[in-house]
Amino acid sequence: MAFVLPKSELRRVIDELSKDYRVFRPVAKGSEFVFDEEGEPAMDYDTTILPPKKAFLPPEETMFTFKRETFHVEEVTDEKPVAVVGIHPCDLRALHLLDKVFTGEFVDPYYMRRRQSGFVVAINCVKPCEHGFCTSFDAGPGAKEGYDLLLTDLGDKYLVEVGSDRGKSFVDRLGLDSASSADVEKAKELVEEAARSMARRIDTHGLVELLRMRIEHQHWAELEARCLSCGLCNVVCPTCYCYNVVDKLDLGLNEGARIRTWDSCLLLEFAEVALGGNFRRERSARIRQRILHKLLHFVDQYGEFGCVGCGRCVKYCIKKIDPVEIVEVLRGGA
Amino acid sequence: MAKPKVAIFKFASCGGCQLQLLNIEDKLLDIIGAIDIVYFPMGKSENLEGPYDVGLVEGAITCAEEIERIKKVRASCRILVALGACACYGGIQSSRNWMPQRELEPKVYEHWEALSSTKCFGIDEYVPVDLHLHGCPVDREELLEVIKGLLMGTRAYLRPHSVCMECKLRENECLFLKGIPCMGPVARAGCGAVCPSNGAPCSACRGPANDANVESFVESLKEMGIPDEQIARMFRRDASTAKPFAKVVSMYG
Ligand code: SF4
Ligand code: SF4
Ligand code: SF4
């Protein structure tokens, strides 16, 4: 089922969604892009600083408020569900991975509620971004599933593919024209062309077995010397899900809020426990944790790679520490 | 529990951190019921002798008289808090440690013969400190968290990691990647990345982050083409007595 949307009508999509949702869309910020609830959508963005997971797992959120004296606890819930317009296939796949973490064996009600009530408009990449390597994990440049609507840029219009009942009724509400088979074909070709021109790739063949044998390797020590342990790579990653929890009391010291914020396994204090014990005091152990969690442990736990090849970690890293390069070194320069 | 008695002391400093205390007075009034500020020469005229439950110390130690005084202050306080960059690391005036005193003093003072300055240090060069509250000036939110923590007998969460982390959470364009030398990767957070968020590079006024990799960071500064002399100046500015920073200053200064 496919439709077409003239580019001039994108605004209408956002306005229509805004009636029911808080609509995150990519907008320009200087020479970068960010997902924001306001501003003109910049649908041909390359990547965003923070991933759109922030709509479903905010960098900081109040989980509940409490009163110490009476032990009264009140859960905090959103007033409006969230919609994301313009999510790239890699970030979409990242949501699928987060679903495994937060809605699988252990359910995170905050994330779960937002996902279940959320609306997702994805957009295929017809131009590979500079740092991405999504084809390594079958995470792009075309989206396969997990969207309500999927757009492909056809020049003056978007092809609109429908991925859910919710998506279908929204298209009906907009009253879009059906797409021709030529439109559908052209979109397919554009995405295939983008896939062919992706310059970067991790060879995943036998990777899990290889990494199991590279847990001790001198490259981790080399990365120890290079990495700044600034934690920025975790913050920009669409599949990182660790968070810290702090209680914040008001000035009367009776009422307070339990707040969670994104955390980072590259930080020294991340694996610190009571009395100052620390499971990953060495920086090399921390950078190894980040890389092996994505490419080995996630596979062990969930049966899929935990990286989607969005390229943000290397793009924003001052030391240009790059999963593609790390895997090449661990493979022995292959 | 009786109200904790709080004292606020000043050593070599500009008074800016104490001003932060006065700036949160409206909020402080809410807690004031819970604490007794009994010694605060900058804020009130009636000041009581110790002992005190909590002492907040602003300022660096720069002469023999101050060394004696900080020891007495320490002895009079059950919990001692270093308030701001000067009390933590000697602050901006500690950049003078890197020049010979006999050259420096005549440039500033007419009667320099009368001076008896020592090298400039944070207070924990001389006395044990229970809690460091970083920043030039200290952050009001952190200050409030610390006061609340002291009252609750809990340890306030003060971010010990890099400024980059907070900077990225605010989705700033990275200055460093644009070729502007920003100290964020090696600087201690807690300020909410206030400088980069306003377009100014971080100057590391809060000292080094807990796992600052200064060697690797300096390498990047050199690749960027920053001259040695400027590198030394960057690390000398606010916290040059902190070991990781001192190492860079002595290598490049
Ligand atoms: S962004 Fe780069 S330097 Fe910073 S912690 Fe990650 S890998 Fe290390
Ligand atoms: S590890 Fe890097 S490339 Fe992979 S998903 Fe995270 S940020 Fe993207
Ligand atoms: S602007 Fe400075 S603090 Fe922000 S990410 Fe870049 S280097 Fe870090």
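Residues numbered from 1 in each chain as written. Chains lettered and ligands numbered in written order. Predicted model: local features only at pLDDT ≥ 70, side-chain atom pairs only at ≥ 80, totals over all residues. Heavy atoms only, no water.

Novice: How should the overall build of chain B be read in this particular structure?
Specialist: Helix and strand content of chain B: 11 helices and 7 strands. Taking 2.2 N^0.38 as the reference for a compact globule, 253 residues should give roughly 18 Å; the C-alpha atoms of chain B span a radius of gyration of 19 Å, in line with that estimate. When the backbone C-alpha atoms are referred to their principal axes, chain B occupies close to 60 × 50 × 25 Å. Classification of the 253 residues of chain B by burial places 54% in the buried group. Within chain B, contacts between residues separated by at least 24 positions form 72% of all contacts whose residues are at least 6 apart in sequence. Counting every atom, chain B has about 11,600 Å² of accessible surface; 53% of that belongs to carbon and sulfur. Distance between charge centroids for chain B: 2 Å, based on 29 positive and 32 negative side chains. (Helix = DSSP H or I, 4+ residues; strand = E, 2+ residues; numbered from the N terminus. Rg over C-alpha atoms; globule rule 2.2 N^0.38 Å. Buried < 20%, exposed > 50% of the residue type's maximum accessible area, 1.4 Å probe, protein only. Contact = heavy atoms within 4.5 Å. Areas by Shrake-Rupley, 256 points an atom, 1.4 Å probe, with all protein chains shown as cover. Lys, Arg positive; Asp, Glu negative; His and termini not counted. Charge placed at Lys NZ, Arg CZ, Asp CG, Glu CD.)

Novice: What should I look at first to understand the side chain of R280(A) in this one?
Specialist: Residues and elements named next belong to chain A. If you trace the backbone, R280 turns up in the loop between β12 (255-262) and α9 (283-302). Despite being buried, R280 has no salt bridge partner; D263 is the closest side chain of opposite charge, sitting 9.5 Å away. Among residues more than four places away in sequence, those in contact with R280 are F270, A271, A285, R286 and Q289. (Salt bridge = Lys/Arg side-chain N within 4 Å of Asp/Glu carboxyl O.)

Novice: Even after reading the chapter, I still don't get the site of ligand 2, so can you show me in this structure?
Specialist: All names here are of chain A. Near ligand 2, the surroundings consist of F133, C237, P238, K294, C307, V308, G309, C310, G311 and C313. Under a 2 Å grid-point criterion requiring more than half of the atoms, the pocket assigned to ligand 2 is the largest cavity. The residue inventory of the shell around ligand 2, partitioned by class, reads 7 nonpolar, 2 polar and 1 charged. (Near = heavy atom within 4 Å. 1 Å grid on protein atoms, 1.4 Å probe; cavity = no way out; pocket = protein on both sides within 12 Å on 5 of 7 lines; lining within 4 Å. Sits in = over half its atoms within 2 Å of the grid points. Nonpolar A, V, L, I, M, F, W, Y, C, P; charged D, E, K, R; others polar.)

Novice: Could you clarify how one ought to interpret the site of ligand 3 in this entry?
Specialist: Taken together, 13 residues lie around ligand 3, and C164(B), C167(B), C174(B), L175(B) and C182(B) are the ones closest in. Ligand 3 sits at a junction of chains, with neighbouring residues supplied by chains A and B. Top element by residues in the shell around ligand 3 is helix α7 (residues 163-169) of chain B. It accounts for 4 residues. For the shell around ligand 3, the class distribution of residues is 11 nonpolar, 1 polar and 1 charged.

Novice: I keep staring at the environment of C182(B) and nothing clicks. Help me out?
Specialist: Residues and elements named next belong to chain B. On the secondary structure map, C182 appears in the loop between α7 and α8 (194-197). Overall, C182 belongs to the buried group, its relative accessible area being 9%. Separated by 22 residues in the primary sequence, C182 and A204 place their C-alpha atoms 8.7 Å from one another. The contact partners of C182, leaving out residues within four places of it in the chain, are L175, F176, P201, C202 and F217.

Novice: For this particular structure, what's the right way to read the sheet that holds strand β3 (residues 32-36) of chain A?
Specialist: Hydrogen bonds along the backbone pair up the strands of a sheet, which may run parallel or antiparallel. All names here are of chain A. Spatially, β3-β2-β6-β7-β8-β9-β1-β10 is the arrangement adopted by the 8 strands of the open sheet, whose pairing is mixed. A single partner strand is all that each edge strand has here, and the edge strands are β3 and β10 (177-178). Two elements, strand β1 (residues 2-6) and β10, share 2 bridges in a ladder whose sense is antiparallel. For V4, the partnering residue across the bridge sits in β10 and is D177. Each of β1, β7 (119-123), β8 (149-153) and β9 (157-162) touches helix α4 (residues 165-174); the most contacted strand, β9, lies at about 135 degrees to it. (Pairing = 2+ DSSP bridges. Axes fitted to C-alpha atoms, helices over the stretch in contact; angles between N-to-C directions.)

Novice: Can you walk me through unusual backbone geometry in this structure?
Specialist: It is generally the case that most residues other than glycine have a negative phi and that most peptide bonds are trans. For the peptide bond that leads from G140(A) to P141(A), omega is 0 degrees, which places it in the cis range. Inspection of the secondary structure assignment puts P141(A) in the loop between β7 and β8. Of note, the bond from C136(B) into P137(B) is cis; its omega dihedral lies within 30 degrees of zero at 0 degrees. On the secondary structure map, P137(B) appears in the loop between β7 (131-133) and α6 (140-152). Even without glycine at this site, D138(A) takes up a positive phi of about 55 degrees. The backbone of A204(B) sits at a positive phi, close to 60 degrees, despite the residue not being glycine. Here A204(B) lies in the loop between α8 and α9 (214-223). With a relative accessible area of 2%, A204(B) lands in the buried category.

Novice: Even after reading the chapter, I still don't get the domain arrangement of chain A, so can you show me in this structure?
Specialist: By a widely used convention, the size of an interface equals the accessible area lost when the partners come together. Residue and element names in this part refer to chain A. Taken domain by domain, chain A holds domain 1 (2-57 + 78-197) and domain 2 (207-242 + 263-330). Of note, the centres of domain 1 and domain 2, computed from C-alpha atoms alone, are 28 Å apart. With 26 residues of domain 1 at the contact, the number on the domain 2 side is 24 residues. Buried area between domain 1 and domain 2, summed over both chains or domains, comes out near 2,200 Å², and the portion from carbon and sulfur atoms is 62%. Ranking the residues of domain 1 by area buried against domain 2 places H131, F133 and F137 at the top, with a combined share of 27%. The salt bridge partner of K100 is E304, with a shortest N-O separation of 2.7 Å. Between domain 1 and domain 2 we count 13 residue pairs in polar contact (both at pLDDT 80 or more) in total. Among the elements that make up the side of domain 1 that touches domain 2, the one with the highest residue count is helix α2 (residues 89-102) (10 residues). The residue makeup of the side of domain 1 that touches domain 2, split by class, is 15 nonpolar, 5 polar and 6 charged. (Domains from an automatic or database assignment. Buried area = accessible area lost by both parts, 1.4 Å probe. Polar contact = N/O pair within 3.5 Å; in protein donor to acceptor, adjacent residues only side chain to side chain.)

Novice: Whenever I open this one, the domain arrangement of chain B confuses me. Can you help?
Specialist: Residues and elements named next belong to chain B. As assigned here, chain B comprises domain 1 (5-152) and domain 2 (163-252). Taking only C-alpha atoms, the centre of domain 1 and the centre of domain 2 are 25 Å apart. Summed over both sides, the interface of domain 1 with domain 2 buries roughly 1,300 Å², with 57% coming from carbon and sulfur. On the domain 1 side of the contact with domain 2, Y89, W98 and H134 bury the most area, a combined 48% of that side's loss. Here R206 and E142 are joined by a salt bridge, their closest N and O atoms 2.5 Å apart. Our count for the domain 1 to domain 2 interface comes out at 4 residue pairs in polar contact (both at pLDDT 80 or more). Looking at the side of domain 1 that touches domain 2, the elements with two or more residues in it are α4 (84-89) and β6 (117-121). Class assignment of the residues belonging to the side of domain 1 that touches domain 2 gives a composition of 7 nonpolar, 7 polar and 2 charged.

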